[in-house]
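# Working through the structure, step by step
Next come the chains, spelled out residue by residue.
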Amino acid sequence: MKRILEGLFMDGRPSKREVKKFLKRRKKGKTICYVLLTCSEPKEDGTIDVEMKYDGKRWLAAYLIKSAKDVLEDDGAL
């Protein structure tokens, strides 16, 4: 877990208390963060409106997005 947390913080490193709280909630199986990406159908000019919402720590949302991108790249989707 330590390796996962290192280098992924957009707003500075979390405190020891935050990391302990994160790990404790994780063990209980509660959702501590989510990222929701939605898009519209393409417009006539070819553009697509994309919206993103997240709840939880910013650094954890960044980690989720990076991990999802890596999975898509490994699958050859990107």
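The structure presented is a predicted model; accordingly, all values stated were derived computationally and were not measured. (Residues numbered from 1 in each chain as written. Predicted model: local features only at pLDDT ≥ 70, side-chain atom pairs only at ≥ 80, totals over all residues. Heavy atoms only, no water.)

## What about the overall build of the protein?
Counting its secondary structure elements, the protein contains three helices and two strands. Contacts in the protein between residues far apart in sequence, at least 24 positions, make up 42% of those at least 6 positions apart. Counting every atom, the protein has about 6800 Å² of accessible surface; 52% of that belongs to carbon and sulfur. (Helix = DSSP H or I, 4+ residues; strand = E, 2+ residues; numbered from the N terminus. Contact = heavy atoms within 4.5 Å. Areas by Shrake-Rupley, 256 points an atom, 1.4 Å probe, with all protein chains shown as cover.)

## Some points on the pattern of salt bridges
Evaluation of the coordinates by the stated rule reveals three salt bridges. With a closest N to O distance of 3.1 Å, Asp70 and Lys66 form a salt bridge. With a gap of four residues between them, Asp70 and Lys66 both fall in helix 3 (residues 58-74), about one helical turn apart. Taking relative accessible area as the criterion, Lys66 reaches 41% and is therefore assigned partly exposed. (Salt bridge = Lys/Arg side-chain N within 4 Å of Asp/Glu carboxyl O. Buried < 20%, exposed > 50% of the residue type's maximum accessible area, 1.4 Å probe, protein only.)

## Focus on the confidence of the model for the protein
In the predicted model, the protein carries a mean pLDDT of 76, and the fraction of residues at 70 or more is 67%. Confidence, read as mean pLDDT per element, is least for helix 1 (residues 2-5) in the protein (43) and greatest for strand 2 (residues 50-55) (89). Below pLDDT 50 for its whole length, residues 1-11 participates in 20 contacts with residues either more than four positions away or in separate chains. (pLDDT = per-residue confidence, 0-100.)

## Side note on a nonpolar patch on the surface
Residues Leu37, Ile48, Val50, Met52, Tyr54 and Ile65 make up a contiguous nonpolar surface patch of about 560 Å² in total accessible area. With three residues, strand 2 is the single largest residue contributor to the nonpolar patch. The topology assignment puts Tyr54 in strand 2. Residue class for Tyr54 comes out partly exposed when judged on its relative accessible area of 37%. (Patch = residues over 30% accessible without salt bridge, like charges linked within 9 Å, V, L, I, M, F, W, Y side chains within 5 Å.)

## Quick look at helix 3
In a regular helix each residue adds 1.5 Å, so 17 residues correspond to 24 Å; helix 3 covers 24 Å between its end C-alpha atoms and thus fits that length. Along helix 3, the positions that sit buried rather than exposed are Trp59, Leu60, Ala61 and Ala62. Gly76, located one to two residues past helix 3, shows a positive phi value of around 80 degrees. (Expected span 1.5 Å × (residues − 1).)

## Structural notes on the nonpolar core
Among the nonpolar cores identified, the biggest contains five residues, and these are Ile32, Cys33, Trp59, Leu60 and Ala61. Ignoring any residue separated from it by four or fewer positions in sequence, one finds Ala61 in contact with Cys33, Val35 and Tyr54. (Core = buried A, V, L, I, M, F, W, Y, C linked by side-chain atoms within 4.5 Å.)

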